[in-house]
Amino acid sequence: MEKNSVLVLYSGVRHHVSADEYAPFEANRNFFYLTGIRRENMMLILDNANEEPTETLLIEEADPDRERWMGKKMTVDEAKAQIEKVGFIDTEKSVLNRIMTREDVYNVYFDTYRHDIDDLEDYNMMKAREFAQKYPGTRVKDCAPIIAEMRMQKEEGGEWSYAVLGKGFCMVANNRVTVLADTVERPEEVDANRAKEA
């Protein structure tokens, strides 16, 4: 993800199948990959437009009365075990407004990938469309190709992978390391002359 960019990913929401029943929840695959969390109504923000990249997770605030019917929500302490900066999802609009009033954000990445043009719009696609309408001067890009490239998984006992990384994010959670960087080069891809000049 290049400098002056922000990535916004939503975990998704459950869908009604009747007046009092929901379909089973399935977290957005890229949200899960970057956070290791399979909970609904959350938002991950990776801000690469600051001097130092930051990551923020917005979660639902626990409500004991609702939890009796809807199930237990993730607490701030549980969320901080994954990502250090945690807020609440009801501040989503003000958090995005605060980011977008800065003059250093040129691109905002959302998960807008669709396997087929006729696929139904999911929650991330809907949020990307809403964002593009609200902030028409900002480029909305698809994060799926970047994350798909990152999702090279090794089986247990597999070979180590080495790479030279540029500026970005690194998260270690649940025995997994996730790296999102502006540049990644394997040793065989490094141009020695260019490296010496830098």
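Residues numbered from 1 in each chain as written. Predicted model: local features only at pLDDT ≥ 70, side-chain atom pairs only at ≥ 80, totals over all residues. Heavy atoms only, no water.

## A short note on the packing of aromatic side chains
Here is the rule: Within 6.5 Å between ring centres, the rings of Phe, Tyr and Trp (the latter by its six-membered ring) count as paired, and their orientation is classed by plane angle as stacked under 30 degrees, edge-to-face over 60, tilted in between. Secondary structure counts use DSSP, requiring at least four H or I residues in a row for a helix and at least two E residues in a row for a strand, with both numbered from the N terminus. Here's how the labels work: a residue is buried when its accessible area is under 20% of the maximum for its type, exposed when over 50%, partly exposed in between, all with a 1.4 Å probe on protein chains only.
Overall, the coordinates contain three aromatic pairs when judged by the stated rule. Plain terms: the ring middles of Tyr-10 and Tyr-123 are 5.6 Å apart, the flat faces sit at 90 degrees to each other, and that makes the pair edge-to-face. Remark: Tyr-123 occurs in helix α5 (residues 123–134) and Tyr-10 occurs in strand β1 (residues 5–10); sequence separation between them is 113 residues. By the burial criterion, Tyr-10 is buried, and Tyr-123 matches it.

## Side note on α5
Defined as follows: Residue count minus one, scaled by 1.5 Å, sets the expected span of a helix. The arc in question is formed by the directions pointing from the helix axis toward the C-beta atoms. Residue contacts follow a heavy-atom distance rule, with two residues in contact if any of their heavy atoms lie within 4.5 Å.
For α5, spanning 12 residues, the distance from its first C-alpha to its last is 17 Å, which sits close to the expected 16 Å at 1.5 Å a residue. Listed as buried for α5 are Tyr-123, Asn-124, Lys-127, Ala-128 and Phe-131. Along α5, the residues classed as buried sweep out an arc of 135 degrees about the axis, all on the same side. Along its buried surface, α5 packs onto β1, α4 (92–100), β7 (107–110) and β8 (139–142).

## Here we look at the nonpolar core
Operational definition: In plain words, nonpolar cores are sets of buried Ala, Val, Leu, Ile, Met, Phe, Trp, Tyr and Cys residues tied together by side-chain atoms within 4.5 Å.
If you look at the biggest cluster of nonpolar residues, it comprises 23 residues, and the most contacted ones within it are Leu-7, Leu-9, Phe-31, Leu-34, Leu-44, Leu-46 and Leu-57. Those elements that place two or more of their residues in this core are β1, α1 (29–35), β4 (43–47), β5 (54–59), α6 (144–150) and β10 (168–173). At three residues, the largest contribution of residues to this core is made by α1. The residues touching Leu-7, leaving out its near neighbours within four places in the chain, are Met-1, Leu-34, Leu-44, Ile-45, Leu-46, Tyr-109 and Cys-143. Core analysis: the second largest hydrophobic core is formed by 19 residues, Ile-89, Val-108, Tyr-123 and Ala-128 among them.

Keep in mind these numbers describe shape, not what the thing actually does.
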